[in-house]
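Descriptive analysis of the structure
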Amino acid sequence: MSPVIQEPAGIFITLEGGEGSGKTTQARRLCDWLTAQGRHVLHTREPGGTLLAERLRSLLLDRSAETIAPETEAWLILAARRQHVDHVIKPALQQGMIVVCDRFSDSTMAYQGYGRGLDLRTLRTMNKWATGKLAPHLTLLFDVPVRLGLSRRRGQRSSQNRLDREATQFHEKVRAGFQTLAKQEPRRMVVLDASLPLESVQRNVTTVITRWLNARRRQPRQR
Ligand SMILES: Nc1ncnc2c1ncn2[C@@H]1O[C@H](COP(=O)(O)OP(=O)(O)OP(=O)(O)O)[C@@H](O)[C@H]1O
Ligand SMILES: [Mg+2]
């Protein structure tokens, strides 16, 4: 008899997009909204989410650090991801929670793959290895013109990091990469216009999530 594979009971939602696209702002608002509906929610982020992973995050974003090779950057991010998946995300999903994660595997494909030029197939394999094949049920892609996103980030002067300093051309490749990923998996990735005012983006997020949760209730096996 083949073993019964138990699907984790929870829901895994990731928020993706370039710098200043509004992921962190919308993740907070989404979590507040879901919590107000009586849902059990875990809000977390990548790289990060555990003590070790947060330390790796600091190293990765540190502006004064030595030059980091793209491969080194990828390994550090994936090491952080494995810790995060094992110690935080999977346990929460097993408890039936909704996990809202600010960046996940798609960021690795967009930044290290499309942005830095690392081989996409290799990265995809490494990602699967790091996540134990855990994939988000739903991903919201916050799409914003590069200049607008970066100008929003520059408004937060205290939190300028290593990636904010990359050339505009790099961020353009990342944006196009995210758009390509969304075209490849349109059922999982929903693209939102993040250049709209904050409240409009929030309304659109709520609409997408409500529709998705309703559809899932009707056809739980297909999602
Ligand atoms: N739709 C919006 N319109 C105007 N300003 C916004 C909008 N969304 C977010 N902001 C502002 O832009 C700044 C960056 O937003 P936020 O930190 O949420 O972006 P992010 O995608 O998490 O950025 P990062 O990739 O750097 O983590 C914040 O000051 C936030 O208040
Ligand atoms: Mg953020």
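Above this text is the structure in question.
Everything in this summary refers to the structure shown in the same document. This is a predicted model, so every value here is computed, not measured.

1. Digging into the site of ligand 1
Lining the immediate environment of ligand 1, one finds 17 residues, of which Lys 23, Thr 24, Thr 25, Arg 153 and Leu 196 sit closest. Between an oxygen atom of ligand 1 and a side-chain N or O atom of Thr 24, the distance comes to 2.7 Å. When the free accessible area of ligand 1 is taken as 630 Å², the share hidden by the protein chains comes to 77%. Partitioning the shell around ligand 1 into residue classes produces five nonpolar, seven polar and five charged.

2. Quick notes on empty space enclosed by the protein
By rolling a water-sized probe across the atoms, one finds the places where empty space is left. Overall, the coordinates contain two cavities of 30 Å³ or more when judged by the stated rule. Taken as a whole, the largest cavity spans an internal volume of roughly 130 Å³. Taken together, 14 residues form the lining of the largest cavity, with Gly 18, Glu 19, Val 144, His 171 and Arg 175 sitting closest to its centre. Of all the secondary structure elements, the ones that give two or more residues to the lining of the largest cavity are strand S4 (138–143), helix H6 (146–155) and helix H7 (168–184). The element best represented in the lining of the largest cavity is H7, accounting for four residues.

Rules used in this analysis
- Residues numbered from 1 in each chain as written.
- Chains lettered and ligands numbered in written order.
- Predicted model: local features only at pLDDT ≥ 70, side-chain atom pairs only at ≥ 80, totals over all residues.
- Heavy atoms only, no water.
- Near = heavy atom within 4 Å.
- Polar contact = N/O pair within 3.5 Å; in protein donor to acceptor, adjacent residues only side chain to side chain.
- Areas by Shrake-Rupley, 256 points an atom, 1.4 Å probe, with all protein chains shown as cover.
- Nonpolar A, V, L, I, M, F, W, Y, C, P; charged D, E, K, R; others polar.
- 1 Å grid on protein atoms, 1.4 Å probe; cavity = no way out; pocket = protein on both sides within 12 Å on 5 of 7 lines; lining within 4 Å.
- Points joined across faces, edges and corners; volume = space filled by probe spheres on them.
- Helix = DSSP H or I, 4+ residues; strand = E, 2+ residues; numbered from the N terminus.

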